[in-house]
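Structural characterization, general
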Amino acid sequence: FEEVASQPITFWQERVAANAQHEESSTHLAWHDEGVVGMASGVNFDGADTPELVGMWVAPEARGKGVGAELVALIRAWAQTSGADALELWVMTGNEAAIRLYEGCGFEIKKEHRAAPDDPCRNEVRMRLDLSAASS
């Protein structure tokens, strides 16, 4: 976190400009008082049929204020515009606040689990949002 948080604003501006909105990915930042308080990306890894919500982060002081739900809505809209039938994500088991956020946005927990890529001692669970149901 410290390494990412210490990046200069130009790092984030370049990242957003490179991934802002196109077929393979979409990145959005949430701003408050000229500072970044949230980020989320949607990525279509290697042309997969189902894009993933990745890199979701909301600053502690912005949590519980709708920032996360708005970021999820932006990635959902990108996925729908790109023609996807679903949007998926991985979330750490035990991260109840994140799971509640995603469930509130219409995601459902699936039975698929895996070791976290950055820490094989921690477990993640897949969540899925059916976009055909979400748009009706």
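It should be noted that the structure appears before, not after, this text.
Structure report, in brief.

The rules behind the values
- Think of each chain on its own: its residues are numbered from 1, step by step along the sequence as written.
- Reporting of local features is limited, given that this is a predicted model, to residues whose pLDDT is at least 70; pairs of side-chain atoms are given and counted only at 80 or more, and all residues count toward the totals for whole chains, interfaces and linings.
- In computing side-chain values, all of the structure's heavy atoms are included and hydrogens and water are not.
- In plain words, nonpolar cores are sets of buried Ala, Val, Leu, Ile, Met, Phe, Trp, Tyr and Cys residues tied together by side-chain atoms within 4.5 Å.
- Buried means the residue's accessible area, taken with a 1.4 Å probe over protein chains only, is under 20% of the maximum for its type, while exposed means over 50%, and partly exposed covers the values in between.
- Secondary structure is summarised from DSSP: a helix means a run of H or I of at least four residues, a strand means a run of E of at least two, and numbering begins at the N terminus for each.
- Contacts are residue-level and defined by heavy atoms, with any inter-residue pair within 4.5 Å sufficient.
- Only Phe, Tyr and Trp rings take part, Trp by its six-membered ring, and two of them pair if their centres are within 6.5 Å. Stacked means planes under 30 degrees apart, edge-to-face means over 60, and tilted covers everything else.
- Here the rule is simple: two strands pair whenever DSSP picks up at least two bridges between them.
- Put simply, a salt bridge is a Lys or Arg side-chain nitrogen that is within 4 Å of an Asp or Glu carboxyl oxygen.

Let us now look at the nonpolar core. Ranked by size, the top nonpolar core spans 26 residues in total, and within it Leu53, Leu87, Leu89, Val91, Tyr102, Phe107 and Met127 carry the most contacts. Examining the composition of this core, we find that 6 residues originate from one element, helix H3 (residues 67-81), more than from any other. Excluding residues within four positions of it along the chain, Leu89 makes contact with Leu53, Tyr102, Phe107, Val125, Arg126 and Met127.

Tallying each qualifying case throughout the model produces 1 aromatic pair. Aromatic pair Tyr102 and Phe107: ring centres 5.8 Å apart, planes at 65°, arrangement edge-to-face. A relative accessible area of 7% means that Tyr102 is categorised as buried.

As a general feature of sheets, a regular strand has side chains that alternate between the two faces. One ladder, built from 7 bridges, connects strand E4 (residues 86-92) with strand E6 (residues 119-130); its direction is antiparallel. Bridge assignment links Trp90 to a residue of E6, and that residue is Arg126. The pairing of strand E5 (residues 108-116) with E6 spans 6 bridges and is classified as antiparallel. Bridge pairing in E6 links Ala116 to Asp119. In sequence, E5 turns back onto E6 through a hairpin of 2 residues.

Before going further, it helps to examine the pattern of salt bridges. Across all of its chains, the model carries 6 salt bridges by this definition. Glu88 is paired through a salt bridge with Arg126; the nearest N and O atoms lie 2.8 Å apart. Of the two residues, Glu88 is situated in strand E4 and Arg126 in strand E6; the sequence distance between them amounts to 38 residues. Across the pair, Arg126 and Glu88 agree in class, each one buried. With its nearest N and O atoms 2.5 Å apart, the salt bridge here joins Glu88 to Arg128. Residue Glu88 is found in strand E4, and its partner Arg128 is found in strand E6; the two are separated by 40 residues along the sequence. Classification of Arg128 as partly exposed rests on a relative accessible area of 29%. A single salt-bridge network, built from bridges that share partners, covers Glu52, Glu88, Glu112, Arg126 and Arg128.

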